[in-house]
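In case you want the letters, here they are:
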Amino acid sequence: MYRRDFLKGVSALSVGVGALTFLKSMPALAARNDTLVVVTGTTINSLDIHRSGTNRPSYQVAVNCYDRLVTFGQKQLEDGSFSYDYDNLQPELAESWEVSGDGRVLTFKIREDARFWDGKPVTAHDVKWSFDRAVTLGGFPTSQMAAGSLEKPEQFEAVDDKTFRITLPHSSKLTLPDLTTPVAIVINSEVAKAQATDQDPWATEYLHRNPAGSGAFKVERWDSGQQLVYSRNDDWACGPVAKIQRVIIREIPSQSTRRALIERGDVHFSQDIPAKDARELETAGKVKVVSTPIENCLHVLCTNLNFEPFQDKKVRQAIAYAVPYEAIFNNAAYGRGVPMWGGDSAKPESIAWPQPFPYSQDLEKARALMAESGYADGFSVPLSFDLGQADWAEPTALLIQEALGKIGIKVSLNKVPGANWRTVALVEKSLPLHLENFGGWLNTPDYYFYWAYVKGNLFNSSNYDNEEIAGLVDETLYMAQDDPKYAPNIRRMIEIAIDDVPRIPLYQPSLNVAMQKNTTGYEYWYHRQLDVRPLTLKQD
């Protein structure tokens, strides 16, 4: 393709003057076999995952530039693509580990050959400082560490330079998986402490722009709002040295521009593409599309029980029977993902999660439930959705608006800017009816219920409060999955959620990515960030 043809093709798309300089260079960059060019529509706002306000797209820096004690192995899915394997823990910085008989003491041996980018050996003291930091700074990192019962600096001990010990208040099936998350990174503590101040003892301002890791890639350049450039760490000890020398992550807000770039072969990889584009690109056959159902994740319609009509269970059930599930799946998800309606029974036999709820669109039943409720004459309510998720949320909202109108519920649409969504939906929990998407990093049903069904927890945007579910979660969260009580507890949780239905599952979404056919090694991860370490470019 000639450059003038490429520029002509994107000139009608919304690209700014600053972007054009980079766009002109993309064809040449993509022609090299040592440089991977990735486009994304999201903005990286920090290079420090522990820093307050760091957004989800920024987590990729922790994945690619830092190491963790342990990681997950890989498995092949039915469609031939690859995914992390939750049931296969593997060493990363820790070459081995032991768990005490009561499950409360975990002892890790640090690799002798692991070194930070500056050549300093990675020690147990670095692990302790990093974990102390994660549990002390507060916010999301501290909450995520607590999910694995990692809550206080006193739990962490550097026994010697190469031996690190964790002492737990109780045994937990979540502790080792929690150590694989992007939060549980190991930082070069000497570099960080040299930049710390009395006002900033954890060097958050320095690490915000200057990672200090031992990972497979270093940050070569970060132009906020434009691009992030990685360069390979040739001395990485925790896995095979990457085949790619440089990775350029380019932020391009316009999805039409990103699609043009991947279709024309001017970039190698497009991350998190809309379902509509995934279907059309796959049909065209010019690029490779991988769609992976996101584990422990649901797109849901949430009723907020602080809004009086939704305190009536019959109203919630009426809405569940009014939702046009199939139309939503076909017109918002474009058939990608897993349907979550039409389940066999209100008393589940399986503990699989997510699993379909036994609701399907039945307007006659929905109207009968409304007639039995305290709101037989209907009511008005705004339905809110995140504009940052408009590709699936807007068509879903329109279909729900139409369907609920048929049972006497007058719905207006409230489009919330993405920058405000987390605050109003999850922190203030102030939206009466809204579309939400939560996926639990640790792949167990009780972990999902902990975050989404327990009163006060972040992703319980319904303000749902059920003492029995809370008690079951408290009893089950740390319990081993082979405990005789585990499966009955999970089945009972799901049964209550089906009957009370504060969150109405629509479908399990997929993470969709597109790549050139010479780009190989892609692996899906629960954190939904692009792991560039195994990617390769085959010679044409």
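Worth saying up front: this structure is predicted, and the values here are computed from it rather than measured.

It is worth spelling out the pattern of salt bridges at this point. Summed over all chains, the structure comprises 27 salt bridges. Ionic pairing is found between D48 and R133, a salt bridge with its closest N-O pair at 2.7 Å. Highlighted residues: D48 in the loop between strand 1 (35–40) and helix 3 (59–65) and R133 in helix 4 (residues 124–136), separated in sequence by 85 residues. The residues D48 and R133 share a single accessibility class, namely buried. For R259, the salt bridge is made with E263, and the minimal N-O distance between the two is 3.6 Å. Here R259 pairs with E263, and both are found in helix 9 (residues 255–263), just four residues apart, close to one helical turn.

Take the pairing of strand 6 (residues 156–160) next. With four bridges joining them, strand 6 and strand 7 (residues 163–167) adopt antiparallel strand pairing. Looking at the pairing, A158 lines up with F164 of strand 7. Hairpin remark: strand 6 followed by strand 7, antiparallel, with two residues in the connecting loop.

Quick look at unusual backbone geometry now. Trans peptide bonds make up most of the peptide bonds, and negative phi angles are found at most residues other than glycine. The linkage connecting W353 with the following residue, P354, adopts the cis geometry, with an omega of -5°. Residue position: P354 is located in the loop between strand 14 (338–339) and helix 13 (363–372). Positive phi is not limited to glycine here, since A203 has a value of about 55°. With respect to the secondary-structure elements, A203 resides in the loop between helix 7 (189–195) and helix 8 (204–209). On the basis of relative accessible area, A203 is assigned to the buried category, the value being 0%. Within the chain, Y334 stands out as a residue other than glycine whose phi angle is a positive 50°. Positionally, Y334 belongs in the loop between helix 12 (325–331) and strand 14.

Spatial strand order, 2-3-21: three strands in an open sheet with mixed pairing. Every interior strand has two partners, whereas the edge strands, strand 2 (70–76) and strand 21 (523–524), have only one. Sheet topology note: the strand 3 (residues 82–91)/strand 21 ladder contains two bridges and is parallel. Note that in strand 21 the partner of S83 across the bridge is Y524.

Procedures and definitions
- Residues numbered from 1 in each chain as written.
- Predicted model: local features only at pLDDT ≥ 70, side-chain atom pairs only at ≥ 80, totals over all residues.
- Heavy atoms only, no water.
- Salt bridge = Lys/Arg side-chain N within 4 Å of Asp/Glu carboxyl O.
- Helix = DSSP H or I, 4+ residues; strand = E, 2+ residues; numbered from the N terminus.
- Buried < 20%, exposed > 50% of the residue type's maximum accessible area, 1.4 Å probe, protein only.
- Pairing = 2+ DSSP bridges.

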